[in-house]
Amino acid sequence: MAVARWLACRGAIVTVTDLADPDALAEPLAQLASAPIARYALGGHCEEDFRECDLLVVNPAVRPGNPFVQMAAECEARITTEIDLFLQHCPATVIGVTGSNGKSTTTAMIDCMLRADGRTSWLGGNVGRSLLPQLSEIQADHWVVLELSSFQLWRFSQATCAPHIAVVTSFTPNHLDWHLNYADYRDAKQRILSVQKPEDSAVLNTHDAEVANWASCVRGTCVALPSLDRIPPLRVPGHHNRINAACAWAAARAAGCREDEILQALEPFGGLPERLEFVATLDGVEIYNDSSSTTPESTLAAILAIDRPVWLIAGGKNKGLSYTELLQVVVKRCRGAAFFGATRDRFCKQAIAHAESLPCIAVES
């Protein structure tokens, strides 16, 4: 929606096309009602739209190999994305953060550190909002911190205006229902490094064995992490959040932030919604919302971050990943589990297979 409005308001003749029908898109269509959109093609795509366009802006959810995208490319249209257009026109210094886990928290920590150091900082990308509507307000002496998903990075090329500071928090298999294979997913993540210039900087989480081996992909300066014993006690629990803080610290230092301001920003940081977010205490039971844990590794880290018995409520769709290690930890650390979503029966059976004594149930919701 943001890129459609932004292009239309800049004089582009915009066609918005979506496989979903108008009823399913009622809310976004209402939000675009005031934008000068030239044409809507909803409930399906027309080949002519792709054969005749000059510029095709692809939603990050569109998978590799999409025939309509290929059609536009064959007709010599420029293929781009919302994030690519933003990077092209953004006058500020950009810090980009990616990783299979930890990227949202690390992005937010960096934003807090920049603000504590007196900078004007803009937070956007995959963390929740497009910054295209704010481009006219973003100045050259400002800072932008972007969370970048593998979907967004997959279409990066050498023509992309790369983040000046790139941060990689972790790498484990994920989104294998979208990417062609594991290697394709890894290549997408590494593009945040490969499109940089020699004058740029990169922060690699060397506590992650896979990411530690990516130093050869760095084209600029590789910034070392501080030792974890320099990280003060955090309000957000878990060893993984101390590593996130170390990655954010390194990025902030690369941006020129002072150490005392970095420490000042970390002290009150309470985390993000849906990421080990404390909800309430009911009858002595502490309830945490960690529903943004969308990989086995992030859910495992959340369980290990709590030093008391855990009752787990978890579920979702099958993304082609291995859940063996997670279920072993569930059996070892949890008092019981309720599974929901498309994976509920599979999870429940596998958990019971690991330990028949574990109270475990598959539920509809």
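Heads up: the structure comes first, above all this text.
Calculation notes
Residues numbered from 1 in each chain as written. Predicted model: local features only at pLDDT ≥ 70, side-chain atom pairs only at ≥ 80, totals over all residues. Heavy atoms only, no water. Helix = DSSP H or I, 4+ residues; strand = E, 2+ residues; numbered from the N terminus. Rg over C-alpha atoms; globule rule 2.2 N^0.38 Å. Contact = heavy atoms within 4.5 Å. Areas by Shrake-Rupley, 256 points an atom, 1.4 Å probe, with all protein chains shown as cover. Lys, Arg positive; Asp, Glu negative; His and termini not counted. Charge placed at Lys NZ, Arg CZ, Asp CG, Glu CD. Pairing = 2+ DSSP bridges. Axes fitted to C-alpha atoms, helices over the stretch in contact; angles between N-to-C directions. Buried < 20%, exposed > 50% of the residue type's maximum accessible area, 1.4 Å probe, protein only. Disulfide = S-S within 2.5 Å. Core = buried A, V, L, I, M, F, W, Y, C linked by side-chain atoms within 4.5 Å. Patch = residues over 30% accessible without salt bridge, like charges linked within 9 Å, V, L, I, M, F, W, Y side chains within 5 Å. Salt bridge = Lys/Arg side-chain N within 4 Å of Asp/Glu carboxyl O. Parallel < 35°, antiparallel > 145°, perpendicular 65-115°, else oblique. Left-handed = near helix turned anticlockwise from the far one by under 90°. Nonpolar A, V, L, I, M, F, W, Y, C, P; charged D, E, K, R; others polar. Expected span 1.5 Å × (residues − 1).

A. Structural context of the overall build of the protein chain. Helix and strand counts for the protein chain come out as 14 helices and 15 strands. Computed over the C-alpha atoms, the radius of gyration of the protein chain is 22 Å, within 12% of the 21 Å expected from 2.2 N^0.38 for a compact globule of 365 residues. Within the protein chain, contacts between residues at least 6 apart in sequence are counted, and of these 63% link residues at least 24 apart. As presented, the protein chain carries roughly 17,700 Å² of accessible surface, and 51% of it is formed by carbon and sulfur atoms. If you average the places of the 31 positive and of the 41 negative side-chain charges in the protein chain, the two averages end up 3 Å apart.

B. Up close: the sheet that holds strand β7 (residues 143-147). Read from one edge of the open sheet, six strands run β6-β7-β5-β8-β9-β10, paired in parallel fashion. In this open sheet, the two strands that pair with only one neighbour each are β6 (121-125) and β10 (221-223). Geometrically, the sheet is characterised by an average inter-axis angle of 20 degrees between neighbouring strands, direction not taken into account. Summarising the sheet, strand β9 (residues 201-204) and β10 pair through three bridges and their orientation is parallel. Bridge pairing links V203 to V223 in β10. Where helix α6 (residues 103-116) meets the sheet, its contacts fall on β5 (93-98), β6, β7 and β8 (165-168), and the angle it forms with β7 comes to roughly 170 degrees. On top of the sheet, helix α8 (residues 182-194) reaches β5, β8 and β9; it is set at about 150 degrees to β8, its chief contact.

C. Spotlight on the pairing of β6. Of all five residues that make up β6, four are buried, and the element is covered over most of its length. For β6 and β7, the ladder comprises five bridges, and the chain directions are parallel. Bridge pairing in β7 links W122 to V144.

D. Structural detail: the state of the cysteines. Across all of its chains, the model carries zero disulfides by this definition. No disulfide involves C75; its sulfur sits 8.0 Å from that of C53, the nearest cysteine. By relative accessible area, which is 32% here, C75 ends up partly exposed. Free cysteine: C247, not disulfide-bonded; nearest cysteine sulfur from C222 at 11 Å.

E. Summary view of the nonpolar core. Counting residues in each nonpolar core, the largest one holds 40 residues, and the members touching the most others are F86, C90, V144, L146 and L193. Elements with a contribution of two residues or more to this core: α1 (2-9), α5 (82-89), β7, β8, α8 and β9. With five residues, α1 is the largest single contributor of residues to this core. Ignoring sequence-local partners within four residues, the contact set of L193 consists of A166, V168, A202, L204, W214, C217, V218 and R219. Membership of the second largest hydrophobic core comes to 34 residues, among which are I231, C247, A248 and A255.

F. Fine view of a nonpolar patch on the surface. Together, V279, L282, V285 and I287 give the surface a local cluster of nonpolar side chains, amounting to about 340 Å² of exposed area. Contributing elements (two or more residues each) for the nonpolar patch: β11 (277-282) and β12 (285-289).

G. Fine view of the packing of helix α12 (residues 296-305) against helix α13 (residues 324-333). Where α12 meets α13, the closest approach of the two axes is 9 Å, and the angle between their N-to-C directions is 20 degrees. Taken as axis vectors, α12 and α13 run roughly parallel relative to one another. Of the two possible hands of crossing, α12 and α13 adopt the one that is left-handed. Counting all contacts with α12, which are made through P296, T299, L300, I303 and L304, the residues of α13 involved are E325, L326, V329, V330 and R333. By residue class, the composition of the contact of α12 with α13 is seven nonpolar, one polar and two charged.

H. Examining the side chain of S298 more closely. Checked against the element boundaries, S298 lands in helix α12. Setting aside residues no more than four positions away along its own chain, S298 makes contact with N101, D290 and S293.

I. Up close: α8. End to end, α8 covers 18 Å across 13 residues, agreeing with the expected 18 Å (1.5 Å per residue, within 8%). For α8, every residue scored as buried is listed here: D184, Y185, A188, K189, Q190, R191, I192 and L193. Considering only its buried residues, α8 is in contact with β5, α6, α7 (150-154), β8 and β9.

J. Layout of the pattern of salt bridges. Tallied over the full model, the rule gives twelve salt bridges. A salt bridge links D187 to R191, with the nearest nitrogen and oxygen atoms 2.7 Å apart. Placement of both D187 and R191 in helix α8 is noted, with a separation of four residues, approximately one turn of the helix. Classification of D187 as partly exposed rests on a relative accessible area of 32%. A salt bridge links R308 to D307; the nearest nitrogen and oxygen atoms lie 2.9 Å apart. Overlapping salt bridges bring together D117, R119, R258 and E261 as one network.

That's the geometry; what it means functionally is another story.
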